[in-house]
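The lines below spell out each chain.
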Amino acid sequence: MDRITLSSMRFECLLGATEEERTFPQLVEIDLVLEADLAAAAASDALADTVDYGPLVQLTEQIVEGSSYNLLEGLAGALATGVLQRSASVVAVTVRVRKLAVPMDVSIDHAEVELRRERSLRD
């Protein structure tokens, strides 16, 4: 399957396992890997034949900034569900969510969760 990757989108999110962590928005970084058949778009060079990812970036922003999440997994799951509901041509999506400020007493670049979800045969 062909892929479109949207990498390192940054948003602020109320995120954390404790209420204290969710007091102030935190910077998160999101990657979406959209799996779809891009053969028609490759042949036609027409936007109508591909996944228009502009609306998916807007959806990502709405999901991330519009709610509060306890876990990276919850945010990643909401994004995967939203992408599959919004874009019928996406047959699978991989979502990576990185929390860039991890409240631990150790030097750590980020914490990351990766989920992959496929459209069910009933969709």
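Rules used in this analysis
Residues numbered from 1 in each chain as written. Predicted model: local features only at pLDDT ≥ 70, side-chain atom pairs only at ≥ 80, totals over all residues. Heavy atoms only, no water. Axes fitted to C-alpha atoms, helices over the stretch in contact; angles between N-to-C directions. Helix = DSSP H or I, 4+ residues; strand = E, 2+ residues; numbered from the N terminus. Left-handed = near helix turned anticlockwise from the far one by under 90°. Contact = heavy atoms within 4.5 Å. Nonpolar A, V, L, I, M, F, W, Y, C, P; charged D, E, K, R; others polar. Pairing = 2+ DSSP bridges. Core = buried A, V, L, I, M, F, W, Y, C linked by side-chain atoms within 4.5 Å. Buried < 20%, exposed > 50% of the residue type's maximum accessible area, 1.4 Å probe, protein only. Salt bridge = Lys/Arg side-chain N within 4 Å of Asp/Glu carboxyl O.

**Q** Sorry if this is basic, but what is going on with the packing of helix H2 (residues 54-66) against helix H3 (residues 72-86) here?
**A** How two helices sit against one another is set out by the angle between their axes and by the gap between those axes. The contact between H2 and H3 brings their axes to 10 Å, and the two run at 145°. When the axes of H2 and H3 are compared, the crossing they make is right-handed. Contacts between H2 and H3 involve Pro 55, Leu 56, Leu 59, Thr 60, Gln 62, Ile 63 and Val 64 from the first element and Leu 75, Ala 78, Leu 79, Gly 82, Val 83 and Arg 86 from the second. Residues belonging to the contact of H2 with H3 are distributed by class as follows: nine nonpolar, three polar and one charged.

**Q** Mind showing me how you'd approach the sheet that holds strand E5 (residues 111-118) here?
**A** Strand pairing within a sheet occurs via backbone hydrogen bonds; the two strands may be parallel or antiparallel. In space, the five strands of this open sheet follow the order E3-E1-E2-E4-E5, with mixed pairing throughout. The open sheet has two free edges, formed respectively by strand E3 (68-69) and E5, since each of these has just one partner strand. With two bridges joining them, strand E1 (residues 2-15) and E3 adopt parallel strand pairing. Bridge pairing links Leu 15 to Tyr 69 in E3. Running at roughly 25° to E1, H2 makes contact with E1, strand E2 (26-36) and E3 of the sheet.

**Q** Would you mind showing me how to read the nonpolar core here?
**A** In this structure, Ile 30, Leu 32, Leu 34, Leu 75 and Val 93 are the most contacted members of the largest nonpolar core, which totals 31 residues. Counting residues per element, the ones that place at least two in this core are E1, E2, H2, H3, strand E4 (92-99) and E5. Once you skip the residues sitting within four places of it in the chain, Ile 30 turns out to touch Leu 6, Ser 7, Ser 8, Met 9, Phe 11, Thr 60, Val 64, Leu 75, Leu 79, Arg 96 and Val 97.

**Q** I would appreciate a short explanation of the pattern of salt bridges in the present structure.
**A** A side chain with one charge can pair with a side chain of the opposite charge if their charged atoms come near. Under the criterion given, the structure shown has nine salt bridges. Put simply, Glu 29 and Arg 10 hold a salt bridge, and the shortest N to O gap is 2.8 Å. Of this pair, Glu 29 sits in strand E2 while Arg 10 is found in strand E1, placing the two residues 19 residues apart along the sequence. Close ionic contact of Arg 96 with Glu 114 constitutes a salt bridge, the shortest N to O distance being 3.0 Å. Of this pair, Arg 96 sits in strand E4 while Glu 114 is found in strand E5, placing the two residues 18 residues apart along the sequence.

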